[in-house]
Amino acid sequence: MYGDSTQTSSRAVHVVHHQTPYSTRTRRAANAKQLWRKVTHGIDGSGLTAIVTGASSGIGSETTRTLVLRGVHVIMAVRNMGAGKDVREAIVKEIPAAKVDVMELDLSSLASVRKFAADFISSCRSLNILINNAGVMAIPFTLSKDNIELQFATNHLGHFLLTNLLLDKMKETTRETKREGRIVNVASEAHRVTYHEGIRFDKINVQQSYSRYLAYGQSKLANILFTNELTKRLKDDGVEITANSLNPGAISTNLFRHMTIVHGLASTVGKLVLKNVQQGASTTCYLALNPQVKGVSGEYFLDNNLATPSTMAKDMDLAKRLWDFSMDLVK
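Report follows, based on the coordinates. On a predicted model such as this, the values are computed, not experimentally measured, just so you know.

With that settled, the discussion passes to the pairing of strand β1 (residues 49-53). Counted residue by residue, β1 has five buried out of five residues, so it is predominantly covered. Burial of β1 is two-sided: the residues T49, I51 and T53 facing one way and the residues A50 and V52 facing the other way are all buried. The sheet contact formed by β1 and strand β2 (residues 73-78) spans five bridges and is parallel. Across the sheet, the residue bridging to A50 is V74, located in β2. Bridge count for β1 against strand β4 (residues 129-132) is three bridges, and the pairing is parallel. Residue V52 lies in a different strand from β4, and its bridge partner there is I131.

In structure tokens form, the structure reads like this:
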């Protein structure tokens, strides 16, 4: 599936740290422009099926292109069907043998998430890889269609529900194919900059004390906590599915569109100080396909290497509380 690796989890982590050509902190910056070309080189993803959320732009579209290039059948889960079809058309033009489809998904709507999951399951496709990539960033206070603060609803809760609805399909695929399933959650270093309590369980929808930046950090912290609790549950179930989170780095994408000054800076100096989307998608594709992370789960990655998240992000009691809170919300 992901190469010929038969490494154990601890061995895989060791390899990531010491044997890759992009393994040390000092090399990361120098190699950033080359990483995205290397991490999936030579990997045959034929026979694999992946869902990529937010695939109509930015990191999501580049992740889709890279996986398709390696033979993966990708389902683009997008809110804007027009944009999604345009990206699909461009990919097929570049890669005529591409296996890529577009399905509608609005992560801010629990009804839309349920419909997407039901439609996907009824298609009888297998599911090897789930990449929870879509997100919104630093937006003015807004409530979702389900009356939940929009950044928390879109970045965390929609993906939480989607993953849980698709888990049985992933388990079924894993059992039938004897191939490891992989769940990849795109988080951010912004998880370190959140409200002092981390997750404001009792104040998710309080507008008076809302901070667009802290709320974004809260949603990204939730991505990591969700990954950790999910990993625990997958291990308890004894299924061969891994879950990891990552920081794609500072990238000039349309996530900045709600931050006028920052968006202007990103447009003018972004090419000098920010990663491009290919570099930003590198770690996502690494976790989705590379054999060096076979069996590795519950970790946080940056530049195709293990990284250390905040102390709060490693709090398993907080992760369990978030899981229960989220489950109550989606009910």
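Having seen it, we continue.
Counting 48 residues, the largest nonpolar core has I51, F116, F152, L166, I183, I199 and L230 as its most contacted members. Secondary structure elements with two or more residues in this core: β2, α5 (110-122), α6 (150-177), α7 (212-237), β6 (241-247), β7 (300-302) and α10 (316-330). Looking at which element gives the most residues to this core, the answer is α6, with nine residues. With residues up to four places along the chain from it excluded, the contact list for F152 reads L157, I199, I204, Q218, S219, A222, L322, F325 and L329. Judged by nonpolar contacts, the second largest core, of 31 residues, contains L48, M76, I131 and L289.

What follows deals with the pairing of strand β5 (residues 181-186). Along any regular strand, the residues point their side chains to alternate faces of the sheet. Of all six residues in β5, six are buried, a share of seventy percent or more. Residues G181, I183 and N185 of β5 are buried on one face, and the alternating residues R182, V184 and V186, pointing to the opposite face, are buried as well. Sheet topology places β4 next to β5; four bridges connect them, and they run parallel. Residue pairing in the sheet places L130 in a bridge with I183 of β5. A crossover connection joins β4 to the parallel β5 through α6; in handedness this β-α-β unit is right-handed. Bridge count for β5 against β6 is six bridges, and the pairing is parallel. Bridge pairing in β6 links I183 to A243. Note that the unit made of β5, α7 and β6 has a crossover that is right-handed.

Calculation notes
- Residues numbered from 1 in each chain as written.
- Predicted model: local features only at pLDDT ≥ 70, side-chain atom pairs only at ≥ 80, totals over all residues.
- Heavy atoms only, no water.
- Buried < 20%, exposed > 50% of the residue type's maximum accessible area, 1.4 Å probe, protein only.
- Helix = DSSP H or I, 4+ residues; strand = E, 2+ residues; numbered from the N terminus.
- Pairing = 2+ DSSP bridges.
- Core = buried A, V, L, I, M, F, W, Y, C linked by side-chain atoms within 4.5 Å.
- Contact = heavy atoms within 4.5 Å.
- Right-handed = clockwise from strand over helix to strand, strands pointing away.

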